[in-house]
There are 2 protein chains.
Amino acid sequence: MEALGLFASPADAAPAQGFAPPRAADLPDAARARGTKVVILGAGTAGLTAAYELGKAGYDCTVLEARDRPGGRAKTIRRGDRLTDTDGVTQVCRFDEGLYFNAGPARIPNHHVTLDYCRELGVAIEALVNANAESLYFHENTGTTDYGELASTAVTHRQAKADVYGYISELLAQAADQGALDDVLSPADADRVVAFAQNFGGLSGGKYVGNGRRGYVDAPGAGHDAGVVGTPPSMTAILQSQFGSRFSFEFGWDQAMMMWQPVGGMDRISAALAQAIGGRRRITYDAPVTRIENTADGVRISYRLNGRVRTIDADYCIATIPPMVLKNIPTNFSQTTKDALAVPTAANTGKIGLQYGRRWWEEDDKIFGGITATNMDISGIWYPSSGFLGRKGVVVGYYSGSYTNLAVADREARAVAQGVKIHGAKYRDELETSISIAWPKEPYSLGGWVSWPGGRGAAYDHLLRPDGNTYFAGDHLSYLIAWQAGAFESARLAVTALHERVAATAAA
Amino acid sequence: MEALGLFASPADAAPAQGFAPPRAADLPDAARARGTKVVILGAGTAGLTAAYELGKAGYDCTVLEARDRPGGRAKTIRRGDRLTDTDGVTQVCRFDEGLYFNAGPARIPNHHVTLDYCRELGVAIEALVNANAESLYFHENTGTTDYGELASTAVTHRQAKADVYGYISELLAQAADQGALDDVLSPADADRVVAFAQNFGGLSGGKYVGNGRRGYVDAPGAGHDAGVVGTPPSMTAILQSQFGSRFSFEFGWDQAMMMWQPVGGMDRISAALAQAIGGRRRITYDAPVTRIENTADGVRISYRLNGRVRTIDADYCIATIPPMVLKNIPTNFSQTTKDALAVPTAANTGKIGLQYGRRWWEEDDKIFGGITATNMDISGIWYPSSGFLGRKGVVVGYYSGSYTNLAVADREARAVAQGVKIHGAKYRDELETSISIAWPKEPYSLGGWVSWPGGRGAAYDHLLRPDGNTYFAGDHLSYLIAWQAGAFESARLAVTALHERVAATAAA
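Since the structure is predicted, the reported quantities are computational estimates derived from the model, not experimental observations. (Residues numbered from 1 in each chain as written. Chains lettered and ligands numbered in written order. Predicted model: local features only at pLDDT ≥ 70, side-chain atom pairs only at ≥ 80, totals over all residues. Heavy atoms only, no water.)

## A closer look at the relation of the copies chain B and chain A
Right, so step 1: It takes a turn of 180 degrees to lay chain B on chain A, together with a shift of 0.0 Å along the axis; the resulting RMSD is 0.0 Å. Both copies are brought into coincidence by an operation consistent with a two-fold rotation axis.
Right, so step 2: Looking at chain B, 100% of its interface residues are interface residues in chain A too, so the copies touch through the same face. (Least-squares fit on C-alpha atoms with pLDDT ≥ 70 in both. Contact = heavy atoms within 4.5 Å.)

So, in structure tokens, the structure goes:
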């Protein structure tokens, strides 16, 4: 098949730009492909994608899903949702109808294949506000770090950037202008650095004295209201605040704006995938897998449904169950595979959704979406990127692993207490209801994502190959861990490998 | 009334945060207010706002509008729209149904009062992508400036920022580390500057060598696809490109993200205002004003309608007609007022909307909204901030005054030729239709906005006061020129002044 150019070479199989969906026409005898049965374990993004892409070539796919819904960690929490964790603690979501938050993945970068699937599946998208000049930085002193006069002061991203860029530019211009960089800069380049600094820092005569970029004490308006710019804190205060250490977040390959989310919740993608593959015709819900067995010429999967154990035989299996879960399911995998599945460790993370009766962040603070970043253990406050100008809204009050082992009520109390430090008493007083998720305690996930201790080594490499007729897929088998794109790309890789094998078998 | 605290003092009347809509209850004899007739000239944002706010107190408002629609310069161009300019040249918009672009104001910052009106009027908003890591910078050499090896090269904002911030940080770290800034930095601050530079520039051992922030030659994916980062150009090449001079645009008080637009077009705001005041019960369209006359106890306005000149008498007038137009309408204003109206000069600007049969900027280039900035005279290319993942779209191909005096076909040809330099032949080949607007040639506008030569001086001050019973309002009488917020704020100021006067008269 390689000679025909139908498949990429194994060394770089299915790169993001190079994936071609399997086609029945790729196979010498199309009928054989139509008769190929594949059982896919897990109806998360990877499992649904595998079924979707294999379905394009006529593979007969069955998806087994332990939960009562598709999507896996791509979970949107809405009114009436019931969460029971591995401790047996149950929460029921009391949000108003129409309000929600994305408990798992919440953002999609421009360049991820996720958007291609949204286009192909007709999933509408809208902006996910990952950066906003009006959201805040808040650093409180710790036992080891003194943030100076701006400690425990909420400062807008706008103001922090204007002040940091202002002073940094002042230093840069001075260094370049006074010849301190003459060993690395030509005179022409030194002039260019000074010109850059003047513009970038908004300097006046080489000095930073504040300007409208940082915001106004009294904003410009009509008539004689020219606006009043505030006076910036000292250079030392700005440097000591360490707000500048936050800026590079926004430059990240996966974090730079623009970013996107499906209209109506992240689970609209998995809902569209589930529908595209035929829904319950293809997917069996509430069906936890109890055994995976490679047989002489295929696979035999056992699962529980309605209290009884059932089995299904197929030619191939694609297991997209997270390794922390999969390693506990009896199999006849090789010992190397079993050992490999035990290597990745679960990321401890979780979120709380706080429903407020009033969108005070918009009305009072002019914050329309975005994230307030803090060194407190909530890590950040996410203002909603939908429902703008409406009455109520759900704020994500932490994105953190520090809350996993707290009782549900304590999670809310702790997160709210930190929010009060930033936003004042309304953060507590106007709260209506909350619900929190701790991914390590979420059945069938047992973690937010995985880490590969020591990096992607032999165990990672091993799981990129099938064990018998069973393939593995999921974001954990990608360089896009914790992103849905990792699940999409990994599923494509497994699908390509499986299809190549079927094609080669059919041709034999 | 001031003593009662109902009105702010004239010196700072109606600041953005302090406006209180007029109420009938403010007046000693509410019936007198209900009987007060106000004629408002112009159904643009200022005129509609004046009618809307005065209506809250029961004023009897009539709005005269020369055009056949509300909104003035807040114009959204859609299929079937007919534009006839002051030269008599007519264009008809041939866009597909559902496609449009905002020919006038197109963005709303978080902090503008415009969003408060959207909330109050129920106008849904969505993100306006004013900055996007995937949009481009493109500088071509001019007779006076050589941009070096990156001249005429389209570079993503992402890459330009990573490279500029990388090298600049390298310089900064070196200067701080080697003691070149010891006269202005304490040792502790010098350490903080170095730490900032390492993080901000993404340095490796104090040097910038490129990293994922700038993007990948081969993006990370699944399996063994770790991604390949490209090698940055030299420091000299980066400095000479002058891309860094573009960054501060995004820091501006009025330009920093997030920014917003009404769902469906900017004219949804004026449509909602027009509806809120009673539509055609209050607004007479196709009614150009032919004379404004202050009378002994009110105003008399003459206007043309259906070929006949009619008059309307009222107690007060609020004239929101742009000064370039108003100065040509016969009045019995004082000579000082007439002279003042002749002072502001019209801004020369315009836009072209280019409909493409395919959203190639999204499909090929992963550009979802945002603006490509260039030193060519198109100034920029705006990718649409709505209709994402759809089939067709309208790109704004210039925002510039350089096209005003070109024939319609030449505008398209010139703008497309520049776009081809950035995006290649598809920019020409996939174009389906276009329409352009030149604001200086737009009847009843005669300019995009105004400038006050020499700054806001005596003429500006004079027009903040009424001439007889005629008040003036519009963005030209604000510090928010060219922004709808300027029109809102100015209308509020005029409304407050008029209401104070009526209240004082009523109390007398």
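Still more to cover.
## Regarding the pairing of strand 21 (residues 370-374) of chain A
Note on strand geometry: in a regular strand, side chains alternate between the two faces of the sheet.
All names here are of chain A.
Right, so step 1: Within strand 21, five of the five residues are buried, which leaves it mostly tucked inside the rest of the structure.
Right, so step 2: Going residue by residue along strand 21, you find Gly 370, Thr 372 and Thr 374 tucked away on one face and Ile 371 and Ala 373 tucked away on the opposite face as well.
Right, so step 3: Two strands pair when backbone bridges link them, and strand 9 (residues 136-138) and strand 21 are joined in this way by two bridges, in the parallel orientation. Note that in strand 21 the partner of Tyr 137 across the bridge is Ala 373.
Right, so step 4: Bridge analysis of strand 21 against strand 22 (residues 380-383) gives four bridges, and the strand direction is antiparallel. Bridging from a neighbouring strand, Ala 373 pairs with Gly 380 of strand 22.
Right, so step 5: Counting the residues in the hairpin turn of strand 21 and strand 22 gives five residues, including Ser 379, whose phi is positive at 75 degrees. (Buried < 20%, exposed > 50% of the residue type's maximum accessible area, 1.4 Å probe, protein only. Helix = DSSP H or I, 4+ residues; strand = E, 2+ residues; numbered from the N terminus. Pairing = 2+ DSSP bridges.)

## Details of the domain arrangement of chain A
Right, so step 1: Here the domain parsing of chain A yields domain 1 (24-68 + 285-344 + 450-507), domain 2 (76-134 + 257-265 + 349-441) and domain 3 (157-232).
Right, so step 2: Taking the mean C-alpha position of each, domain 2 of chain A and domain 3 of chain A sit 35 Å from one another. (Domains from an automatic or database assignment.)

## Some remarks on the nonpolar core
Right, so step 1: Membership of the largest hydrophobic core comes to 116 residues, with the highest contact counts inside it found for A:Trp260, A:Ile318, B:Trp260 and B:Ile318.
Right, so step 2: B:Ile318 has contacts with B:Val38, B:Val39, B:Ile40, B:Leu41, B:Ala50, B:Leu54, B:Tyr471, B:Ala473, B:Ala494 and B:Leu498, leaving out every residue within four places of it along the chain.
Right, so step 3: By size, the runner-up hydrophobic cluster in this structure holds 62 residues, among which are A:Val155, A:Leu172, B:Val193 and B:Phe196. (Core = buried A, V, L, I, M, F, W, Y, C linked by side-chain atoms within 4.5 Å.)

## A closer look at the sheet that holds strand 15 (residues 289-295) of chain A
Residue and element names in this part refer to chain A.
Right, so step 1: A sheet is described by the order of its strands in space; here three strands give the open sequence 15-16-17, paired in antiparallel fashion. Two strands in the sheet have a free side with no partner beyond their single neighbour: strand 15 and strand 17 (308-314). Averaged over all neighbouring strand pairs, the angle between strand axes comes to 15 degrees, with direction disregarded.
Right, so step 2: Pairing of strand 16 (residues 298-305) with strand 17 involves seven bridges; the strand directions are antiparallel. For Leu 305, the partnering residue across the bridge sits in strand 17 and is Arg 308. (Axes fitted to C-alpha atoms, helices over the stretch in contact; angles between N-to-C directions.)

## Details of helix 5 (residues 187-201) of chain B
An α-helix turns once every 3.6 residues. As a result, residues three or four positions apart point the same way.
Residues and elements named next belong to chain B.
Right, so step 1: Taking 1.5 Å of rise per residue, 15 residues should cover 21 Å, and helix 5 covers 21 Å from first to last C-alpha, within 8% of that figure.
Right, so step 2: Within helix 5 the residues assigned to the buried category are Asp 189, Ala 190, Val 193, Val 194, Phe 196, Ala 197, Phe 200 and Gly 201. On an axial view of helix 5, the arc spanned by its buried residues comes to 160 degrees, and they lie on one face. Those residues of helix 5 that are exposed and aimed more than 90 degrees away from the buried face are Pro 187 and Asp 191. (Expected span 1.5 Å × (residues − 1). Arc of directions from axis to C-beta.)

## What to know about the interface of chain B and chain A
Right, so step 1: Listed as interface residues are 78 residues of chain B and, on the opposing side, 78 residues of chain A.
Right, so step 2: When the two sides are added together, the surface that chain B and chain A hide from each other amounts to roughly 7000 Å², 67% of it contributed by carbon and sulfur.
Right, so step 3: Contact with chain A buries area across many residues of chain B, yet B:Arg119, B:Trp253 and B:Leu389 alone supply 11% of it, more than any other trio.
Right, so step 4: Joining chain B to chain A, the criterion identifies two salt bridges. (Buried area = accessible area lost by both parts, 1.4 Å probe. Salt bridge = Lys/Arg side-chain N within 4 Å of Asp/Glu carboxyl O.)

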